[in-house]
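In case you want the letters, here they are:
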Amino acid sequence: QITLKESGPTLVKPTQTLTLTCTISGFSLSTSGVGVGWVRQPPGKALEWLTLIYWDDDKRYSPSLKSRLTITKDTSKNQVFLTMTNMNPMDTATYYCVNWNYQQHWFDPWGQGTLVTVSS
Amino acid sequence: QSALTQPPSASGSPGQSVTISCTGTSSDVGGYNYVSWYQQHPGKAPKLMIYEVSKRPSGVPHRFSGSKSGNTASLTVSGLQAEDEADYYCSSYAGSNNLGVFGTGTKVTVL
């Protein structure tokens, strides 16, 4: 069974940098074809894809947020990390870690999500 | 990249059908047969319901179906059941540098 679980701070101040961790079980990040990404959802609003990292360390970023995002992985711990700089209140959202199907282009399964609030 | 356009709400009585549209452009929905649909119950993570326009993952009821014409994709839920009441989001692949453009979301209410 594949599971993904997000962890990190629930509250960050404006201008700070956010770092979230996604811990994966049920598959290995080093397996060919694997991709893991991040999607966020502001309260009451729509989903927004942020970034993704492939098994071979290839990385993709949302064009609108590329300058603020960094995605990395630790294959030995089967973890993926999201870093977002210069946080502002509009970045308040639930952040989901998600498995990406490389061949059929879909997101599933999803982690439970973690709500991050940006406030002073 | 703009979000795909969905109607804010849709509704139907139990047993009826409801269809949700998802309109994009030739750079996303119209350009690829990689439209997927996600169901999200309140406070829960999204769940994949349809992929590659019309394919159902194992375990998804047959009453969920998808289609596409030009730049618009559609999700139809036939034989509505109470548990189908949820938010639904479409998503389209838009190239190797934009893996997932999501829709604005549609709240489905079972009357």
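Residues numbered from 1 in each chain as written. Chains lettered and ligands numbered in written order. Predicted model: local features only at pLDDT ≥ 70, side-chain atom pairs only at ≥ 80, totals over all residues. Heavy atoms only, no water.

Some points on the interface of chain B and chain A
To keep things clear, this is the line we draw: Only heavy atoms enter the contact rule, under which two residues are in contact if any of them lie within 4.5 Å. When two parts are put together, the accessible area they lose, computed with a 1.4 Å probe and summed over both, is reported as buried area. Throughout this description, the term salt bridge denotes a Lys or Arg side-chain nitrogen within 4 Å of a carboxyl oxygen of Asp or Glu. Only DSSP runs of H or I reaching four residues or more are called helices, and only runs of E reaching two or more are called strands; each is numbered from the N terminus. As a working rule, the residues Ala, Val, Leu, Ile, Met, Phe, Trp, Tyr, Cys and Pro are called nonpolar, Asp, Glu, Lys and Arg charged, and the rest polar, with Gly in that last group.
Each side of the interface is counted separately: chain B has 22 residues, and chain A has 22 residues. Counting each side, the surface lost to burial between chain B and chain A is near 1800 Å², with a carbon and sulfur contribution of 62%. Per-residue buried area on chain B facing chain A is highest for P46, L99 and F102 of chain B; these three make up 31% of the total on that side. For the pair chain B and chain A, the number of links is zero salt bridges. Of all the secondary-structure elements, those providing two or more residues to the side of chain B that touches chain A are strand 3 (35-40), strand 4 (47-50) and strand 7 (86-92) of chain B. Of the residues in the side of chain B that touches chain A, the class split is ten nonpolar, nine polar and three charged.

Concerning the side chain of Q39 of chain B
All names here are of chain B. For clarity, the threshold we go by: Three exposure classes are used, based on accessible area relative to the maximum for each residue type with a 1.4 Å probe and protein chains only: buried under 20%, partly exposed in between, and exposed over 50%. We define a polar contact as two N or O atoms separated by no more than 3.5 Å, with the added condition that, inside protein, one atom must be a possible hydrogen donor and the other a possible acceptor, whereas residues neighbouring each other in sequence contribute only through side-chain atom pairs.
Structurally, Q39 can be placed in strand 3. Overall, the relative accessible area of 7% leaves Q39 in the buried class. In terms of polar contacts, Q39 uses its side chain to reach the side chain of Y88, at 2.9 Å. Residue contacts for Q39: discarding those within four places in its chain leaves A45, P46, K47, M49, F64, E83, D84, A86, D87 and Y88.

Thoughts on the sheet that holds strand 8 (residues 79-84) of chain A
Residues and elements named next belong to chain A. To keep things clear, this is the line we draw: A pair of strands is considered paired only if DSSP assigns at least 2 bridges between the two. Every angle, taken between N-to-C directions, lies between 0 and 180 degrees, and every axis is a line fitted to C-alpha atoms, over only the stretch in contact when it is a helix.
Across the sheet, which stays open at both edges, the four strands sit in the order 1-3-8-7 with antiparallel pairing between neighbours. The open sheet has two edge strands with one neighbour each: strand 1 (3-7) and strand 7 (69-74). Between one strand and the next, the sheet's axes are offset by a mean angle of 20 degrees, whatever the strand orientation. In this sheet, strand 8 lies alongside strand 3 (residues 18-25) in antiparallel orientation, the contact comprising six bridges. In the sheet register, T19 faces strand 8, and the bridge partner there is T83.

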